[in-house]
Amino acid sequence: MRRISYLLLSGLIMLTQFAQAQTKTYSILIKGGHVIDARNNINEIMDVAIQSGKIAAVAKNIDASLASQIVDAKGMYVTPGLIDLHAHLFAGTDDRGLSGGFSALAPDPYTLRAGVTTVVDCGGAGWASFDKFKSTIIDKSRTRVLSFLNIVGDGMRGDPYEQDISDMDAKKTAEKALANKDIVVGFKLAHFAAASWVPVEKVVAAGKLADMPVIIDFGAGKLPIEDLFFKYLRPGDIFTHVYTELEIRDPVVDLKTRKLRPFLIPAQKRGIIFDVGFGGGSFNFNQAIPAIKAGFLPNTMGTDLHTGSMNGAMKDQLNVLSIFLSMGMDIPSVISRSTWAPAQAIKREELGHLSVGAGADVAILSVRDGKFGFRDIAGNRNEGKQKFECEMTLRAGRIVYDLNAIASNPEKSR
Ligand SMILES: [Zn+2]
């Protein structure tokens, strides 16, 4: 009898200890937010629990006592960490433009406060300068930094370097990409000024060798974009600066009729991915508004972040999303184009969603109601009623930005 009591007692003690160890199942619990996760078709109020840097549960009414830290997201949107597939991050102090120069920006001060947890440098480095980019920026950033490697070996160094076809080596570029597959997601062609298809052929050759997409900033050659989409690019290749209206580039909306040109929607159906790439000179309402009205929406919301865009009309990724709200797109549409769509475009399908087991990169966003003005690069103004604001950003399960102190630790609270 005594032995049975002892066994029962020790069993109870073990159970209690087990229960105590289990009380904090989650490191962080995000409560009451409106979750938008395009990959998992979630668009409703859910709790999101995190443990060991990963998403541990997404469900209604998860018990708050199971978490060490609670984030009150009532009235806010909870989304996968945003992915910006077009930015310029190879910052440096040399006179090298967007390739280790002063025009590029180191990511963390600009990304995390805008909900961006993954950012792709869009051609700053070429095969010859990639190692320096990796050691000075990629390895030192908390933001996940990936790379579209420039087809120009010396990268986006400005002219005359970017006009030098002899420095466009598809084989060396593809080899560098394959040796750094964890970081390089594709290849960039930009700023080429002459009317020649050779640079396009070279970058697509690198894409074929490495089985990776290319992203094209179609330069000043005034070559027909219809040929680019149907004769040169492959499905899955990306065309950035889609809504630009510059003298030097064939536009998507006809300048005389102000109608969307007829081959754009077929090109998108063919699998060409159209990226905003707002930048300092590449977004015009005169193109975007008629295009969107005609059903030609961007696939991805790249910002083209650099010193020339961040204090201009572009500002940051959330401002770009707010601009698309002002043109009639809805919140789930702009979020999916900044999360799951770019993850698929760069073939990183482990990113851009909140599936259980995925890395806990999360953005928590408020949408302010009011009267807001937005500009394009030509100085035109569009008015909107909603504006995104980043409340919190989590990167790999850690809070890296918390605007209004919405995280609390119940055991430490006064
Ligand atoms: Zn760019």
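For the structure, check the block above.
First, a word on what this report is: a plain description of the structure on this page.

What counts, and where the lines are drawn
Residues numbered from 1 in each chain as written. Predicted model: local features only at pLDDT ≥ 70, side-chain atom pairs only at ≥ 80, totals over all residues. Heavy atoms only, no water. Donors = N, O, S within 2.8 Å, 3.2 Å for Na, K, Ca; no water. Helix = DSSP H or I, 4+ residues; strand = E, 2+ residues; numbered from the N terminus. Buried < 20%, exposed > 50% of the residue type's maximum accessible area, 1.4 Å probe, protein only. Salt bridge = Lys/Arg side-chain N within 4 Å of Asp/Glu carboxyl O. Contact = heavy atoms within 4.5 Å. Polar contact = N/O pair within 3.5 Å; in protein donor to acceptor, adjacent residues only side chain to side chain. Arc of directions from axis to C-beta.

Comments concerning the coordination of the zinc ion
- Distances from the zinc ion to its protein donors, His 86 (NE2), His 88 (NE2) and Asp 304 (OD), fall within 2.1 to 2.3 Å.
- The motif formed by the donor residues of the zinc ion, counted along the single chain, is H-x1-H-x215-D. Note that His 88 is positioned in the loop between β6 (82–87) and β7 (91–94) and Asp 304 in the loop between α8 (285–293) and α9 (307–310), a separation of 216 residues in sequence. Side by side, His 88 and Asp 304 carry an identical accessibility label, which is buried.

Thoughts on the pattern of salt bridges
- Tallied over the entire structure, the rule returns 19 salt bridges.
- With its nearest N and O atoms 3.0 Å apart, the salt bridge here joins Arg 234 to Asp 237.
- Exposure remark for Arg 234: the relative accessible area of 19% places this residue in the buried category.
- Judged by relative accessible area, which is 1%, Asp 237 ranks as buried.
- Salt-bridge contacts for Glu 245 lead to Arg 258; the nearest nitrogen and oxygen are separated by 2.8 Å. Pair noted here: Glu 245 is in the loop between β12 (238–239) and α7 (264–270) and Arg 258 is in the loop between β12 and α7, with a separation of 13 residues, a long-range link.

Considering the environment of Thr 339
- Position of Thr 339 among the secondary structure elements: in the loop between α11 (331–336) and α12 (340–345).
- Those residues in contact with Thr 339 that sit more than four places away from it in its chain are Pro 80, Gly 81, Leu 82, Ile 83 and Gly 352.
- Polar side-chain contacts of Thr 339 include one of 2.8 Å to the backbone oxygen of Ile 335.

Comments concerning helix α6 (residues 225–232)
- Listed as buried for α6 are Ile 225, Leu 228 and Phe 229. Buried positions in α6, seen along its axis, are confined to an arc of 90 degrees and lie on one side of it.
- Those residues of α6 hidden inside the fold are in contact with α5 (198–210), β11 (214–216), β12, α7 and β13 (273–274).

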